[in-house]
Amino acid sequence: MSTASTPARTWIGPSAPERLAILRKTQSIAIVGASDKPSRASYFVATYLLSSSRYRVYFVNPVATEILGQPVYKTLADLPEVPDLVDVFRRHDDLPTVLDEAIAVGAKTLWLQLGSWHEDVAAKAEAAGMEVVMDRCVKIEHARFHGGLHLAGFDTGVISSKRQVVA
């Protein structure tokens, strides 16, 4: 049910196999709105991507200088390469500006994190030839497709269709 303040969602995002294909062809990820605060979702995602994926990960934040021992760039244009995927942790009102920067640098995919949904941004990104994922977490999707997602959100190291019984 939608209200005047919450418009209906009409945009249809990529299916699970399509999201897997996006992650498989991605080589580099820029986390826009990356934070150096361990309590923030972007920090948790960054930690996971650096330790459990093959991606080259870049952090974009206009005020931070280092996150997890990695340099932080002020804008997407400052990165040493064009990121394949731009993973966005920014407020709703900032999304059009982030999209404009992503288009300007030639990124292939715009990925809006859990809770982030902007139909106008999705339409403009697709019109510019970008793939779009909204309201999904790169970490969760990557772990899900690679056998590392547990109900608690971390890798148990056990891959099985049966519950493990500990005596």
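Here, the structure is the one placed above.
Rules used in this analysis
- Residues numbered from 1 in each chain as written.
- Predicted model: local features only at pLDDT ≥ 70, side-chain atom pairs only at ≥ 80, totals over all residues.
- Heavy atoms only, no water.
- Core = buried A, V, L, I, M, F, W, Y, C linked by side-chain atoms within 4.5 Å.
- Buried < 20%, exposed > 50% of the residue type's maximum accessible area, 1.4 Å probe, protein only.
- Helix = DSSP H or I, 4+ residues; strand = E, 2+ residues; numbered from the N terminus.
- Contact = heavy atoms within 4.5 Å.
- Pairing = 2+ DSSP bridges.
- Axes fitted to C-alpha atoms, helices over the stretch in contact; angles between N-to-C directions.

Draft legend 1. The arrangement of the nonpolar core in detail. Among the nonpolar cores identified, the biggest contains 25 residues, and Leu76, Leu79, Val86, Val88, Leu110, Met130 and Met134 are the most heavily contacted of them. Secondary structure elements with two or more residues in this core: strand E1 (28–32), strand E2 (56–60), strand E5 (85–88), helix H3 (95–105), strand E6 (109–112) and helix H4 (119–127). It is H3 that contributes the most residues to this core, five residues altogether. Excluding anything up to four places from it in sequence, methionine 134 contacts Trp11, Leu112, Ser116, Trp117, His118 and Ala122. Listed in part, the 23 residues of the second largest apolar core include Ala34, Tyr55, Ile67 and Trp111.

Draft legend 2. Fine view of the sheet that holds E5. A sheet is described by the order of its strands in space; here seven strands give the open sequence E3-E4-E2-E1-E5-E6-E7, paired in mixed fashion. Pairing within the sheet leaves two strands with one partner each, and these edge strands are strand E3 (66–67) and strand E7 (131–133). Sheet contacts for helix H1 (residues 16–25): E5, E6 and E7; angle to E7, the most-contacted strand, approximately 115°.

Draft legend 3. Highlighting the side chain of glutamate 141. Mapping glutamate 141 onto the fold places it in helix H5 (residues 138–145). With residues near it in sequence (within four places) discarded, glutamate 141 still touches Arg19, Leu23, Trp111 and Arg136.

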